[in-house]
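Topology and contacts: notes
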Amino acid sequence: MGTFASLLAASCCVVPTLFVVFGVSAGSLSFLSALEPYRWYFLAVAYIAVGYSLYKFYLKNWVKEKLLKKPAIECACEEPGWTQKLSKGVTWFALVLLVFATFYPYVLEKIYGG
């Protein structure tokens, strides 16, 4: 969910720029500018989703053990290791994409001076 929200937040600026870089006309993509007023909402949803995912992977057991003084109960149905690694990789990719989507318009403004 965090990756999808990051893509929505970046859709007003990043997607048209990528099309121009790869030589595709961006004139037909002007409808994406309609999402600009909602950019901050998309970013907020994305940060919440990625934050929850990071909490679930890295902090949940620590909070239970250290702060709540309860034993961290592991699930009886163990997931394969590759799915855990894939989930963590997607979460970190979503975080990088989210930070990029947050600062992209400002960096583009500095580059082009507009």
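So, a few notes on the structure that sits alongside this text. (Residues numbered from 1 in each chain as written. Predicted model: local features only at pLDDT ≥ 70, side-chain atom pairs only at ≥ 80, totals over all residues. Heavy atoms only, no water.)

1. Examining the overall build of the protein
- Along its length, the protein carries four helices and zero strands.
- In sequence order, the protein lays out its α and β elements as α-α-α-α.
- Buried residues in the protein amount to 27% of all 114 residues.
- Residue pairs in contact within the protein that sit at least 24 positions apart in sequence constitute 80% of those at least 6 positions apart. (Helix = DSSP H or I, 4+ residues; strand = E, 2+ residues; numbered from the N terminus. Buried < 20%, exposed > 50% of the residue type's maximum accessible area, 1.4 Å probe, protein only. Contact = heavy atoms within 4.5 Å.)

2. Considering the nonpolar core
- Of all hydrophobic cores here, the largest spans seven residues; its members are L43, A46, V50, L54, A94, L98 and A101.
- Elements supplying a minimum of two residues to this core: α3 (39-67) and α4 (81-112).
- Per-element accounting of this core gives the leading share, four residues, to α3.
- Leave out the neighbours within four places in its chain, and L54 touches L59, T91, W92 and L95. (Core = buried A, V, L, I, M, F, W, Y, C linked by side-chain atoms within 4.5 Å.)

3. Structural notes on a nonpolar patch on the surface
- On the surface, W40, Y47, V99, F103, Y106, V107, I111 and Y112 cluster together to form a nonpolar patch covering roughly 890 Å² of accessible area.
- When residues of the nonpolar patch are traced back to their parent elements, those giving at least two are α3 and α4.
- In terms of residues, the nonpolar patch owes the most to one element, α4, which gives six residues.
- If you trace the backbone, Y106 turns up in helix α4.
- Exposure remark for Y106: the relative accessible area of 41% places this residue in the partly exposed category. (Patch = residues over 30% accessible without salt bridge, like charges linked within 9 Å, V, L, I, M, F, W, Y side chains within 5 Å. Areas by Shrake-Rupley, 256 points an atom, 1.4 Å probe, with all protein chains shown as cover. Salt bridge = Lys/Arg side-chain N within 4 Å of Asp/Glu carboxyl O.)

4. Examining the packing of α3 against α4
- Across the interface, α3 lies against α4 with an axial gap of 10 Å and an inter-helix angle of 150°. Between α3 and α4, the angle falls in the class roughly antiparallel. Seen along the crossing, α3 lies across α4 with a hand that is left-handed.
- For the contact of α3 with α4, a count of residues per class yields 17 nonpolar, five polar and two charged. (Axes fitted to C-alpha atoms, helices over the stretch in contact; angles between N-to-C directions. Parallel < 35°, antiparallel > 145°, perpendicular 65-115°, else oblique. Left-handed = near helix turned anticlockwise from the far one by under 90°. Nonpolar A, V, L, I, M, F, W, Y, C, P; charged D, E, K, R; others polar.)

5. Notes on the side chain of T91
- Tracing the backbone through its elements, the reader meets T91 in helix α4.
- Judged by relative accessible area, T91 falls into the buried class, the value being 8%.
- Not counting residues within four places of it along the chain, the set of residues in contact with T91 comprises V50, S53, L54 and F57.

6. Considering the packing of aromatic side chains
- Summed over the entire model, instances satisfying the criterion amount to four aromatic pairs.
- The interplanar angle of 50° and the centroid separation of 5.2 Å between the aromatic rings of F100 and Y104 together place this pair among those described as tilted. Of this pair, F100 and Y104 both sit in helix α4, four residues apart, which is roughly one turn of that helix.
- Grouping aromatic residues by their ring pairs yields a cluster made of F57, Y58 and W92.
- Its guanidinium or amino end placed over the ring of W40, R39 lies 5.0 Å from that ring's centre, counting from NZ or CZ.
- A cation over a ring is seen here: K56 above F57, with NZ or CZ 5.7 Å from the ring centre. (Phe/Tyr/Trp six-rings, centres within 6.5 Å; stacked < 30°, edge-to-face > 60°. Lys NZ or Arg CZ within 6 Å of the ring centre and 35° of its normal.)

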